[in-house]
Amino acid sequence: MIQEELIPYLVEMTGQSDKIGLVAHLVKTLHKFTAAEIVRFFDLHQKAVMDTGLGKLQVESVLFEPLSPMNHAISLDTIPELGKIIRETGHLTMPFMRFESGGGGQLVFALVEGSKIRSILYLDTPRPNTADETAARLFWNMFINLERTIRAKDQDPLTGLLNRRSFDETISNILDGAFQSSEVNRLGGAG
């Protein structure tokens, strides 16, 4: 039986039409329905680093947290246990891992495509239990299904490039943000 308070969260989650909104709702919902103290979502990217000593190009994996106001790359070593998990299991298909240490534990879900980890959901909880794991697994699977649907409507299936509708939405969002910033500056400067 589905808890009555869960239904609005499910409805709101299935109504998301962009990835950032979907990620935000996933994180908010898991904060509400699990005992996790920390819920973070990351996209995993690779960035090229020039090693000047050897003169060779080195590729380093970095985390990108789309909900972060700083919106910048984070080294894997920022969250040591997460970096270790990714390095040790990056060659495997790792949809879920659970770690317990001391009085707490971590639940880590990964979105794997091909042989690469693309996104990670990380929950740090003081009391790991099967109810939280089940709830997180349910919402993670729902997120994957919805994210694939959003991606399919935004990308050309042959090239993987964003389609015209997605381009128009992105430009509109950029212009709206610029307009809001200029309005804030104008109103702030007028007083």
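Being a predicted model, the structure only gives us computed values, none of them experimental. (Residues numbered from 1 in each chain as written. Predicted model: local features only at pLDDT ≥ 70, side-chain atom pairs only at ≥ 80, totals over all residues. Heavy atoms only, no water.)

## Topic: the nonpolar core
Part 1 of the reasoning: Membership of the largest hydrophobic core comes to 26 residues, with the highest contact counts inside it found for Met-13, Leu-26, Leu-30, Leu-121, Leu-123, Trp-140 and Phe-143.
Part 2 of the reasoning: Counting only elements with at least two residues in this core, the list comes to α1 (7-14), α2 (19-33), β1 (38-51), β5 (104-113), β6 (116-125) and α4 (130-154).
Part 3 of the reasoning: The biggest single contributor to this core is α4, with 8 residues.
Part 4 of the reasoning: In this structure, Leu-123 is in contact with Leu-30, Thr-34, Ala-36, Ile-38, Val-39, Gly-105, Gln-106, Leu-107, Phe-109 and Ala-136, ignoring residues within four places of it in sequence.
Part 5 of the reasoning: Ranked by size, the runner-up nonpolar core spans 12 residues in total, among them Leu-82, Val-108, Ala-110 and Ile-117. (Core = buried A, V, L, I, M, F, W, Y, C linked by side-chain atoms within 4.5 Å. Buried < 20%, exposed > 50% of the residue type's maximum accessible area, 1.4 Å probe, protein only. Helix = DSSP H or I, 4+ residues; strand = E, 2+ residues; numbered from the N terminus. Contact = heavy atoms within 4.5 Å.)

## Brief notes about the packing of α1 against α4
Part 1 of the reasoning: α4 packs onto α1 with a crossing angle of 25° between their chain directions and a minimal axis gap of 11 Å. In terms of orientation, α1 lies roughly parallel with respect to α4. Classified by chirality, the crossing of α4 by α1 is right-handed. Here α1 contributes Leu-10, Met-13 and Thr-14 to the contact with α4, which in turn contributes Phe-139, Met-142, Phe-143 and Leu-146.
Part 2 of the reasoning: Here the contact of α1 with α4 is built from residues that sort into 6 nonpolar, 1 polar and no charged. (Axes fitted to C-alpha atoms, helices over the stretch in contact; angles between N-to-C directions. Parallel < 35°, antiparallel > 145°, perpendicular 65-115°, else oblique. Left-handed = near helix turned anticlockwise from the far one by under 90°. Nonpolar A, V, L, I, M, F, W, Y, C, P; charged D, E, K, R; others polar.)

## What to know about α4
Part 1 of the reasoning: With 25 residues, α4 ought to run about 36 Å at 1.5 Å a step, and its terminal C-alpha atoms sit 36 Å apart, in line with that.
Part 2 of the reasoning: N-cap assignment for α4: the residue whose side-chain oxygen lies 3.1 Å from the backbone N of Ala-131 is Asn-129. (Expected span 1.5 Å × (residues − 1). Polar contact = N/O pair within 3.5 Å; in protein donor to acceptor, adjacent residues only side chain to side chain.)

## Some thoughts on the environment of Gly-102
Part 1 of the reasoning: Along the chain, Gly-102 turns up in the loop between β4 (96-101) and β5.
Part 2 of the reasoning: As for Gly-102 and Pro-126, which are separated by 24 residues in sequence, their C-alpha atoms are 9.1 Å apart.

## A word on the confidence of the model for the chain
Low-pLDDT portions of the prediction should not be read for the details of their coordinates.
Part 1 of the reasoning: Within the chain, residue pLDDT values average 78, and 81% of them lie at 70 or more.
Part 2 of the reasoning: Looking across the chain, the model is least confident in strand β2 (residues 56-64), with a mean pLDDT of 67, and most confident in α2, with 90. (pLDDT = per-residue confidence, 0-100.)

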